[in-house]
Structure formats: structure tokens, C-alpha cells
Amino acid sequence: MKEKVWSPWAAGVLLGLTAVGSYVLVGKTIGSSGGIENVDSILLKAFDSSLANLLYFKYQMPPVVSFQILLFVGMILGAMTSSLWSKDFKFRMMPDQQWTKIFGPSKLKRWSLIFIGGVIIEFSAGIAGGCTSGLAISGTMQLSPAGLIFIVGLFISGIITTKLLYGGDY
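To keep things clear, this report deals only with the structure shown in the data block. Every chain's residues receive numbers from 1 upward, in the order its sequence appears when written. Local features in this predicted model are restricted to residues whose pLDDT is 70 or higher, and side-chain atom pairs enter the listing and the counts only when it is 80 or higher, whereas totals over whole chains, interfaces and linings include all residues. Remark: hydrogens and water are excluded; side-chain values derive from all non-hydrogen atoms of the structure.

A contiguous nonpolar patch, built from Val73, Leu77, Met80, Leu84, Phe89 and Phe91 and spanning about 610 Å² of accessible area, is present on the exposed surface. What counts as a helix is a DSSP run of H or I of at least four residues, what counts as a strand is a run of E of at least two, and both are numbered from the N terminus. On the secondary structure map, Leu84 appears in helix 4 (residues 67-85). In this scheme, a residue with accessible area under 20% of its type's maximum is buried, one over 50% is exposed, and one in between is partly exposed, where area comes from a 1.4 Å probe on protein chains only. Overall, Leu84 belongs to the partly exposed group, its relative accessible area being 48%. Patch criteria: residues need more than 30% relative accessible area and no salt bridge. Like-charged residues are merged within 9 Å; nonpolar side chains of Val, Leu, Ile, Met, Phe, Trp and Tyr are merged within 5 Å. In short, Shrake-Rupley with a 1.4 Å probe defines the accessible areas, and a residue's cover is counted only from the protein chains shown. Whenever Lys or Arg places a side-chain nitrogen within 4 Å of a carboxyl oxygen from Asp or Glu, that contact is recorded as a salt bridge.

Multiplying 1.5 Å by the residue count of a helix minus one yields the expected span of that helix. Its 14 residues place the ends of helix 2 (residues 33-46) 20 Å apart at the C-alpha level, agreeing with the 20 Å of an ideal helix rising 1.5 Å per residue. Looking one or two residues past helix 2, Asp48 carries a phi angle of roughly 55°, positive in sign.

Let us look at the layout of surface pockets. Volume-wise, the largest pocket comes out at about 590 Å³. In terms of lining, the largest pocket is formed by 20 residues, of which the most central are Leu15, Thr18, Met75, Gly78 and Ala79. Counting residues per element, the ones that place at least two in the lining of the largest pocket are helix 1 (8-26), helix 4 and helix 7 (132-141). With eight residues, helix 4 is the single largest residue contributor to the lining of the largest pocket. Lining residues are those with an atom within 4 Å of a point, where the points come from a 1 Å grid over the protein atoms alone and group into cavities, where a 1.4 Å probe fits but cannot get out, or pockets, open sets with protein on both sides within 12 Å along at least five of seven lines. Grid points are joined across faces, edges and corners, and a volume is the space filled by probe spheres set on the points.

And the structure:
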């Protein structure tokens, strides 16, 4: 548990056991994008926004503390606990040399791109009806053809994106 780097095989087996355990014990598949939308709904209602009255936020993603929100909080706490145990915990405003070498040292640029990327991913997950963890992990666990096709597309697009952004410097 205190290792800084885990074997991908061990991490994959534990993730699979977590996914199966979630389904068996709670009756829910793992996925986190719905939790973010529940948080959005809670915030819209708290700030009395007219968007809170949209049917989507009233019925599809209501302002409740859902299983996905609890899962999301658990992921954050688990990552923090793991980094504290391995003595690898640190706050960073910028990644180490790889980003800076390719894109420069601007923190504003880094955080702007992170925000824009997050909005695009969350919007896309809403259109698709789920996120990468929901479809890739839970979908393939159920041998869903959509999950299996998605995981292949995920790896292909990840390789292409990495090549485009970093060239041979990854």
C-alpha cells in the first residue's frame, strides 16, 4: 500500500474487484460524471438560478447527494491517503518539466486549458450518457459491446492526442 508506483496488473485487478463489489453490494456501477452534474444541480438550486428549473436538473440530475458524489469524494480521499502513505503528497500548480518544455511556464494557460478540457469532457459525458469510468469500466465489466468499442477508441484517441501534443517527448 505504501509503494509510489503500483503494477498496472495489480491496480487493474483491484479496480475490477471494486467495480464488481460496488455492483454486488450497492447495486450501482461506478462512474463519476453524474455526481458532478448532481453537484451542479445543487449549486444551481442554492444560488436560485433559473437553470435549476430545467427538467434535466429537476428529474434527470436532481439536487441530491447521490452515490456518484460519494464515489467522487471517496476517490479524492483515497488518492490523498495513498499519496500520504507513499510520502509522495505535494501540491503543484504546474506539472514537472514535460508540460513546461512543450507549452511554457504560464500557470494561467495551464489552468485555463484544464478548465476548458474539464468542461468539454463533462459536456461530452452528458451527451453520451456517461463518462469514461462509467462506460469503460462498468460497461466492459458487463461485456457491453459499447464499452468494449469505447475502450479501444479511448486508447487510440489517447495515443493520437499524446502524439499531437507532445510529439516524441512523452
